[in-house]
Amino acid sequence: MNIELINTGNELMLGRVLNTHQQWLCRQFADAGYVVGRQVAVADTAAAIQQAVREAMTRADLIVCTGGLGPTSDDLTRDAIAELAGRPLREDPEIVAGLHAWYAARQRTPSPAVMLQARVPAGATVLPNAYGTAPGLLLEIRCPDTDRPAPAWLVMLPGPPRELRPMFTTHVLPWVRATFPLAAPFVCRTLRSTGVPESTMQQHIAGPLADLVARGLEVGYCARPGEVDVRLAARGAHAAALVAEAETVVRREAGRSLY
């Protein structure tokens, strides 16, 4: 299964906001046994969003697009995707009722701009947002100008983390597990060390791990000032045992540098 992330927002391109969605979503997918294959950030323009989705559709089974679903002039994702997919936008009565209830509870009246959030591409599934006004959307999409015959699934989520994160764990992840059940378990463990350079750590453990690598173990290194992380990962029925055996080797060879 190939998963790609598209994060939209001029604030990301200007460096005004840290793109925490990439790290958080990748971690959620990985912890569930799915690995993201590619991630990209683009500006808040219809052309940039459409190009990113069109390119992702040539490779991905699942595309997660964040941002651009709100009520302001730079929220263009919903309209851009509807145009790309050739789907008309239709007002969803349940979203309309939910928006009125949301504002009534705060003794306010929704503006016409706010009500634009009730427009949904035909055929899309609405993902309720209990923490804001912009609903998420789930859409099976096929772009006529791509060579890939199979459609892709596109998930659109609002940008604010306090909305995106609970929506992902409540609605998206259970749907992913049901729609794309894992063919084999995925296990990943990280061991942290200090006081040993990255190249030295590899020199200590690469040889003793060679047999396990030949059996499917993946080894990765991540260096920070004064520290090195060793990532051990495997997929398949024996993944847990393989990673556990690798951890024993690393602990033996790396010794007191691990913490």
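Please refer to the structure placed before this passage.
Here goes a summary of the coordinates provided.

Calculation notes
Residues numbered from 1 in each chain as written. Predicted model: local features only at pLDDT ≥ 70, side-chain atom pairs only at ≥ 80, totals over all residues. Heavy atoms only, no water. Core = buried A, V, L, I, M, F, W, Y, C linked by side-chain atoms within 4.5 Å. Buried < 20%, exposed > 50% of the residue type's maximum accessible area, 1.4 Å probe, protein only. Helix = DSSP H or I, 4+ residues; strand = E, 2+ residues; numbered from the N terminus. Pairing = 2+ DSSP bridges. Axes fitted to C-alpha atoms, helices over the stretch in contact; angles between N-to-C directions. Polar contact = N/O pair within 3.5 Å; in protein donor to acceptor, adjacent residues only side chain to side chain. Contact = heavy atoms within 4.5 Å. Disulfide = S-S within 2.5 Å. Parallel < 35°, antiparallel > 145°, perpendicular 65-115°, else oblique. Left-handed = near helix turned anticlockwise from the far one by under 90°. Nonpolar A, V, L, I, M, F, W, Y, C, P; charged D, E, K, R; others polar. Phe/Tyr/Trp six-rings, centres within 6.5 Å; stacked < 30°, edge-to-face > 60°.

## Structural notes on the nonpolar core
Turning to step 1, where the next piece is worked out: Ile 6, Val 53, Ile 63, Ile 81, Ile 141, Leu 154 and Met 156 are the most contacted members of the largest nonpolar core, which totals 32 residues.
Turning to step 2, where the next piece is worked out: Those elements that place two or more of their residues in this core are α3 (46–57), β3 (62–66), α4 (77–85), α5 (93–104), α6 (112–115), β7 (136–141) and β8 (152–157).
Turning to step 3, where the next piece is worked out: Looking at this core element by element, the count peaks at 6 residues for α3.
Turning to step 4, where the next piece is worked out: Counting residues in each nonpolar core, the second largest holds 22 residues, with Tyr 34, Val 36, Leu 138 and Val 176 among its members.

## Looking at the sheet that holds strand β1 (residues 3–8)
Turning to step 1, where the next piece is worked out: With mixed pairing, the 6 strands of this open sheet are ordered in space as β2-β1-β3-β8-β7-β6. Among the strands making up the open sheet, the edge pair consists of β2 (36–42) and β6 (125–127). On average, adjacent strands in this sheet sit at an angle of 20° to one another, irrespective of strand direction.
Turning to step 2, where the next piece is worked out: As judged from the 5 bridges shared by β7 and β8, these two strands associate in the antiparallel manner. If you follow Leu 138 over to β8, its bridge partner there is Val 155.

## Considering the side chain of Ser 193
Turning to step 1, where the next piece is worked out: Considering the arrangement of structural elements, one finds Ser 193 in strand β9 (residues 186–194).
Turning to step 2, where the next piece is worked out: Side-chain polar atoms of Ser 193 contact the backbone oxygen of Val 228, separated by 2.8 Å.
Turning to step 3, where the next piece is worked out: Not counting chain neighbours up to four residues away, the residues in contact with Ser 193 comprise Met 201, Gly 226, Glu 227, Val 228, Ser 257, Leu 258 and Tyr 259.

## Observations concerning the state of the cysteines
The bond known as a disulfide is covalent and runs between the sulfur atoms of two cysteines.
Turning to step 1, where the next piece is worked out: One pass over the structure, following the stated rule, counts 0 disulfides.
Turning to step 2, where the next piece is worked out: Looking at the unpaired Cys 26, the closest cysteine sulfur is the one in Cys 188, lying at 12 Å.
Turning to step 3, where the next piece is worked out: Among the residues examined, Cys 26 registers a relative accessible area of 23% and is labelled partly exposed.

## A short note on the packing of helix α2 (residues 20–31) against helix α7 (residues 161–179)
Turning to step 1, where the next piece is worked out: Their axes nearest at 12 Å, the elements α2 and α7 cross at an angle of 25°. Considering their axes alone, α2 and α7 lie roughly parallel with respect to each other. Crossing handedness for the pair α2 and α7: right-handed. Contact with α2, carried on its side by Thr 20, His 21, Trp 24, Leu 25, Gln 28 and Phe 29, involves Pro 161, Leu 164, Arg 165, Phe 168, Thr 169 and Val 176 of α7 and no other residues of that element.
Turning to step 2, where the next piece is worked out: Of the residues belonging to the contact of α2 with α7, the class tally is 7 nonpolar, 4 polar and 1 charged.

## A few points about the sheet that holds strand β10 (residues 218–224)
The strands making up a sheet associate through hydrogen bonds between their backbones, and the pairing can be parallel or antiparallel.
Turning to step 1, where the next piece is worked out: The strand order β9-β11-β10 describes an open sheet built from 3 strands, whose pairing is antiparallel. Of all strands in the sheet, those with a lone pairing partner are β9 and β10, marking the two edges. The average angle at which neighbouring strand axes cross in this sheet is 20°, direction not considered.
Turning to step 2, where the next piece is worked out: Relative to strand β11 (residues 227–235), β9 runs antiparallel, the two being bridged by 9 bridges. Residue pairing across strands places Leu 191 opposite Val 230, the latter belonging to β11.

## A look at the packing of aromatic side chains
Turning to step 1, where the next piece is worked out: Considering all chains together, one arrives at 4 aromatic pairs under this definition.
Turning to step 2, where the next piece is worked out: Ring centres 5.1 Å apart and planes at 80° place the aromatic pair Phe 29 and Phe 168 in the edge-to-face group. Placement of the pair is Phe 29 in helix α2 and Phe 168 in helix α7, with a sequence separation of 139 residues.
Turning to step 3, where the next piece is worked out: Overall, the relative accessible area of 0% leaves Phe 29 in the buried class.
Turning to step 4, where the next piece is worked out: Note on Trp 175 and Phe 180: the rings are 5.9 Å apart at their centroids and 80° apart in plane angle, and the pair reads as edge-to-face.
Turning to step 5, where the next piece is worked out: A relative accessible area of 18% places Phe 180 in the buried class.

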